[in-house]
Amino acid sequence: MADNLAQLAPVVLPGLRRRGVATANSEIVRRQIRRAVRDLGVPVAALVEADVLLPAFGAARERLRVYWAQDDYAGGAALLGLDPVRVQVAEVRVAAKADVVITASPVVHDKLTALGASPILIPYGCDPEAFAGVETAADPEDVDLPGPVAGLVGHINARIDLGLLEAVAEAGHSLLLVGPIDPTFEPDRMRALLGRKNVVSVGRKPAESLPSYLKAIDVGLVPYADTAFNRGSFPLKTLEYLAAGRAAVSTDLPATRWLDSSLIVTATTPPEFEAAVAAELQRERSGQAAAARRAFAESHSWARRAADFAAAIRVTRPDGSVSISGGDRPGGTQ
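As a further point, take the packing of helix α8 (residues 236-243) against helix α11 (residues 288-298). Taken N-terminus to C-terminus, the directions of α8 and α11 make an angle of 135°; their axes are 7 Å apart at the nearest point. By the angle between their directions, the pair α8 and α11 is classed as oblique. Of the residues in α11, those in contact with Leu239, Leu242 and Ala243 of α8 are Arg293, Arg294, Phe296 and Ala297. Across the contact of α8 with α11, the residue classes break down as five nonpolar, no polar and two charged.

This part is about the layout of surface pockets. When its volume is computed, the largest pocket comes out at roughly 1,400 Å³. Along the wall of the largest pocket there are 30 residues; nearest its centre are Ala6, Val44, Ala46, Leu47 and Val48. Elements that contribute at least two residues to the lining of the largest pocket include exactly α1 (21-40) and β1 (46-49). In terms of residues, the lining of the largest pocket owes the most to one element, α1, which gives five residues. Along the lines of polarity and charge, the residues of the lining of the largest pocket split into 24 nonpolar, three polar and three charged.

Burial runs high along α8: six of the eight residues are buried. Looking at α8, one finds that the buried residues are Lys237, Thr238, Leu239, Tyr241, Leu242 and Ala243. Phi turns positive one or two residues past the end of α8, at Gly245, with a value near 85°.

Before going further, it helps to examine the sheet that holds strand β2 (residues 64-69). Strand order in the open sheet formed by four strands is β1-β2-β3-β4, with parallel pairing between adjacent strands. Each edge of the open sheet carries a strand with a single partner, namely β1 and β4 (120-121). In the sheet, β2 pairs with strand β3 (residues 100-103) via four bridges, with the strands oriented parallel. When the sheet's bridge partners are listed, Ala69 is paired in β3 with Thr103. Of the strands in this sheet, β2, β3 and β4 touch helix α3 (residues 106-114), which is tilted by about 145° from β3. The strands that helix α12 (residues 302-312) touches are β1, β2, β3 and β4; relative to β3, the one it contacts most, it runs at about 160°.

Strand pairing within a sheet occurs via backbone hydrogen bonds; the two strands may be parallel or antiparallel. Ordered by their spatial adjacency, six strands build an open sheet running β7-β6-β5-β8-β9-β10, and the pairing between neighbours is parallel. A strand with exactly one partner marks an edge of an open sheet, and here the two such strands are β7 (199-203) and β10 (264-266). Pairs of neighbouring strands in the sheet enclose a mean axial angle of 25°, with direction left out of account. As judged from the three bridges shared by strand β9 (residues 247-250) and β10, these two strands associate in the parallel manner. Directly across from Ala248, in β10, lies its bridge partner Ile264. Its contacts with the sheet place α8 against β5 (149-153), β8 (219-222), β9 and β10, and it is angled at close to 175° to β8. Contacts from helix α10 (residues 270-281) reach β5, β8, β9 and β10 within the one sheet, and its direction differs from that of β9 by about 175°.

The next point concerns the pairing of β2. Here β1 pairs with β2 via four bridges, running parallel. Along β2, the bridge assignment pairs Ala46 with Leu64. Regarding the hand of the β-α-β motif, the stretch spanning β2, helix α2 (residues 84-97) and β3 is right-handed.

Before going further, it helps to spend a moment on empty space enclosed by the protein. Counted by the stated rule, this structure contains one cavity of 30 Å³ or more. In this structure, the largest cavity spans a volume of roughly 40 Å³. Along its surface, the largest cavity is lined by Phe131, Val153, Leu210, Leu214, Lys237, Glu240 and Tyr241. Of all the secondary structure elements, the ones that give two or more residues to the lining of the largest cavity are α6 (210-215) and α8. Of the residues that constitute the lining of the largest cavity, the class distribution is five nonpolar, no polar and two charged.

Further remarks concern the nonpolar core. Ranked by internal contacts, the top residues of the largest apolar core, which has 57 residues, are Leu165, Leu175, Leu176, Leu193 and Leu221. Of the residues forming this core, the biggest block, five residues, is contributed by helix α4 (residues 162-170). With residues up to four places along the chain from it excluded, the contact list for Leu175 reads Leu145, Ala150, Leu165, Val168, Ala169, Leu193, Asn198, Val199, Val200 and Leu221. In this structure, Leu47, Tyr67, Ala74 and Ala98 belong to the second largest nonpolar core, which totals 26 residues.

Turning our attention to α4. An α-helical turn contains 3.6 residues, so a residue and the one three or four places further along point in the same direction. Of all nine residues in α4, eight are buried, a share of seventy percent or more. Inspection of α4 places Leu162, Gly163, Leu164, Leu165, Glu166, Ala167, Val168 and Ala169 among the buried residues, and these make up the whole buried set. Residues of α4 that are buried make contact with β5, β6 (174-178), α5 (187-194), β7, β8 and α10. Where α4 begins, the capping side chain belongs to Asp161, and its oxygen is found 3.1 Å from the backbone nitrogen of Gly163. At the C-terminal side of α4, Gly172 shows a positive phi close to 95°.

Cut-offs used in this document
Residues numbered from 1 in each chain as written. Predicted model: local features only at pLDDT ≥ 70, side-chain atom pairs only at ≥ 80, totals over all residues. Heavy atoms only, no water. Axes fitted to C-alpha atoms, helices over the stretch in contact; angles between N-to-C directions. Helix = DSSP H or I, 4+ residues; strand = E, 2+ residues; numbered from the N terminus. Parallel < 35°, antiparallel > 145°, perpendicular 65-115°, else oblique. Contact = heavy atoms within 4.5 Å. Nonpolar A, V, L, I, M, F, W, Y, C, P; charged D, E, K, R; others polar. 1 Å grid on protein atoms, 1.4 Å probe; cavity = no way out; pocket = protein on both sides within 12 Å on 5 of 7 lines; lining within 4 Å. Points joined across faces, edges and corners; volume = space filled by probe spheres on them. Buried < 20%, exposed > 50% of the residue type's maximum accessible area, 1.4 Å probe, protein only. Pairing = 2+ DSSP bridges. Right-handed = clockwise from strand over helix to strand, strands pointing away. Core = buried A, V, L, I, M, F, W, Y, C linked by side-chain atoms within 4.5 Å. Polar contact = N/O pair within 3.5 Å; in protein donor to acceptor, adjacent residues only side chain to side chain.

This is the structure in structure tokens:
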């Protein structure tokens with residue numbers, strides 16, 4: 001893939017994380033990792049584990065074991081058809097074996113702290129450069145909505161509070177949905193929502209086309225339902241809306257509170273959410289407000305997150321300024 005990047009796509013048994021099968025697949029993955037490391041012929045500074053049901057610590061003879069808790073896995077277990085208790089027990093085991101634990105959200109950080117770990121909080125970021133050309137992007141050919149437009153970019157499934165989208169549409173605001181819709185998610189209500197003249201759904205789109213759709217949007221929506229999994233998440237779309245210079249209205253998520261910015265408006269009930277959207281739709285989408293949003297997103301870029309991550313796991317940089325060693329963990333929140 002690049003001079004300093006290689007990808008291994010392990011081949012495993014069907015039923016990836018089912019009981020019994022997960023044990024076999026874990027060993028299959030470990031063997032393929034060992035073979036890949038041998039073929040690369042380089043020592044492994046760190047192994048970063050993000051799948052608690054397919055643990056691979058030790059497979060690469062790594063010098064540092066890192067557990068990257070990207071979500072509240074136990075909180076989202078039901079969505080994947082898994083037993084939350086089984087997932088929680090597996091997570092505790094992986095965290096106990098790790099030399100460094102990194103969490104991607106405040107809730108997961110607090111949860112693992114309560115379980116006896118000493119995690120470092122390094123949330124998700126965004127790629128500001130990917131959205132720098134929104135204003136000059138081509139207009140999307142499949143969107144014909146009068147402005148201003150409220151929009152949601154992302155998967156539409158049980159994680160979404162549909163009542164919030166319904167409130168926005170019922171108030172007469174133009175609503176653009178960009179992303180796949182789970183056919184099992186409230187099919188009757190979704191059919192009614194999509195039947196409105198002021199609502200357009202364009203389905204799944206490649207990442208490179210998102211600037212065109214964000215160009216058509218004035219206010220980006222994060223209408224997440226109040227669930228354990230959502231509370232433990234760190235929605236990428238919030239920062240991506242801001243990176244595009246767009247206003248953002250979100251439900252009151254711990255991740256949004258952690259960002260602590262007046263540029264993100266929070267609301268919980270459908271009437272409050274619609275009122276917040278209405279107010280933001282009246283604001284100018286260019287000028288100082290847009291510049292402030294982009295600057296805020298830049299301060300939370302993936303490049304900055306990567307630097308924090310590298311420092312936390314003490315990976316050697318080309319100039320040798322950071323190395324794998326003991327001692328206090330630099331950066332992040334202990």
